[in-house]
Amino acid sequence: MSSLYDILANSIPLLLASFGALVSEHAGCMALFLDGVINAGAFLCFTFTVLFHSAAAGTICAALVLLICIMGIAGLVEKVHANHFLSALALNSISTGLISILSTRLYATRGVLTSPAFLFEAAPMRLTTTLAALLLFCAGWIFLRFSKAGLYLRITGSNENVLKAHGLNPARLRMMSWGIAAVFGGTAGCIMALRLSSFVPNIASGNGWTALAAVFLGKKNTAAVFAAVLVFAAAQYGANNLQNIPGLQALPPSLLLALPYLTALVLIFAAPRKRCQP
């Protein structure tokens, strides 16, 4: 049971990021900026938590700032008819630069950030963030599956003309999908920082890209995406514990670090593909 809990708890940041990617994929403009948003969420969470002396306030403020910023950028992308994918990729680079500048200005360092106001007990924080994230994920799934807005989001990428025929604006729905991705990705970054009791540069460590792989493997099905996330988390758990097994201590650390990404690559190649009809 302990190992199952560890796998579930470890999957939480990736699960949130994957749901954000899933929503944006339904809208036809996948959020390729997730790695940058996760890093930004972690940095903002540290900053606001230290400022307000509250982890909850830090997380909420970080999510709101990212929501406003990403929605604003999404609106600009729609206004000038820019390419969504290239714009999202550019956001990763922009977020990295902004975090570096703000960290230097506010804390006089580009390295790891710590503070007595950002220090938490590991086990309680792990449990609290796991439960809170699962509630957030369930709320997002209910919204996407059962609400009218969720229905509109799910058909934006595939049936845009249907929305237009009903007087709806697909551009606003695409903006909404990026906003949701920003909130879920930013919250994932907050959880990673809170569990470490510090902000570490590039804390995302590729989780944003792994989230995209989970959506690809899940074929836009929420339950299948959840299953893919658990597989990746299990691979990460195995990588963390392989060296404790007798006879495997000689495994190079670089191989263990790459195990989750190798798992994603193998699953992507092994996933069945739809055959094109002549």
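Residues numbered from 1 in each chain as written. Predicted model: local features only at pLDDT ≥ 70, side-chain atom pairs only at ≥ 80, totals over all residues. Heavy atoms only, no water.

## Focus on the confidence of the model for the protein
Right, on to step 1. With 85% of its residues at a pLDDT of at least 70, the protein reaches an overall mean of 88.
Right, on to step 2. The element-level mean pLDDT for the protein is lowest in helix α11 (residues 253-270), coming to 62, with helix α2 (residues 34-52) highest at 97. (pLDDT = per-residue confidence, 0-100. Helix = DSSP H or I, 4+ residues; strand = E, 2+ residues; numbered from the N terminus.)

## Focus on the packing of helix α5 (residues 122-146) against helix α6 (residues 148-156)
Right, on to step 1. The interhelical angle for the contact between α5 and α6, taken along N-to-C directions, is 75°, at an axis separation of 5 Å. Taken as axis vectors, α5 and α6 run roughly perpendicular relative to one another. In contact with Phe143, Leu144, Arg145 and Phe146 of α5, α6 contributes Lys148, Ala149, Gly150, Leu151, Leu153 and Arg154.
Right, on to step 2. Residues that form the contact of α5 with α6 fall into these classes: six nonpolar, one polar and three charged. (Axes fitted to C-alpha atoms, helices over the stretch in contact; angles between N-to-C directions. Parallel < 35°, antiparallel > 145°, perpendicular 65-115°, else oblique. Contact = heavy atoms within 4.5 Å. Nonpolar A, V, L, I, M, F, W, Y, C, P; charged D, E, K, R; others polar.)

## A few points about the packing of aromatic side chains
Two aromatic rings, taken as a pair, are described by how far apart their centres are and by the angle between their planes.
Right, on to step 1. On inspection of all chains with the given rule, the structure shows eleven aromatic pairs.
Right, on to step 2. Consider the rings of phenylalanine 33 and tryptophan 178, whose centres lie 5.0 Å apart with planes at 80°: the pair is edge-to-face. Taken together, the residues span a long stretch of sequence, with phenylalanine 33 in the loop between α1 (2-26) and α2 and tryptophan 178 in helix α8 (residues 170-196) at a distance of 145 residues.
Right, on to step 3. A relative accessible area of 1% means that phenylalanine 33 is categorised as buried.
Right, on to step 4. One aromatic cluster is present, built from ring pairs that chain together Phe43, Phe46, Tyr107, Phe118, Phe120 and Phe199.
Right, on to step 5. Cation over ring: arginine 145 sits above phenylalanine 146, and NZ or CZ is 5.4 Å from the ring centre. (Phe/Tyr/Trp six-rings, centres within 6.5 Å; stacked < 30°, edge-to-face > 60°. Buried < 20%, exposed > 50% of the residue type's maximum accessible area, 1.4 Å probe, protein only. Lys NZ or Arg CZ within 6 Å of the ring centre and 35° of its normal.)

## Digging into the side chain of serine 95
Right, on to step 1. Note that serine 95 resides in helix α4 (residues 84-107).
Right, on to step 2. On the basis of relative accessibility, which here comes to 11%, the residue serine 95 falls in the buried class.
Right, on to step 3. Polar contacts involving the side chain of serine 95 include one to the main-chain carbonyl oxygen of asparagine 92, which spans 2.8 Å. (Polar contact = N/O pair within 3.5 Å; in protein donor to acceptor, adjacent residues only side chain to side chain.)

## Some points on α8
Three or four residues apart is the spacing at which side chains of an α-helix point the same way, because the helix has 3.6 residues per turn.
Right, on to step 1. Between the first and last C-alpha of α8 there are 39 Å, a value that for 27 residues agrees with the 39 Å anticipated at 1.5 Å per step.
Right, on to step 2. Most of α8 is tucked away: 22 of the 27 residues are buried.
Right, on to step 3. Between the side-chain oxygen of the N-cap and the backbone nitrogen of alanine 171 there are 2.9 Å, and the N-cap of α8 in question is asparagine 169. (Expected span 1.5 Å × (residues − 1).)

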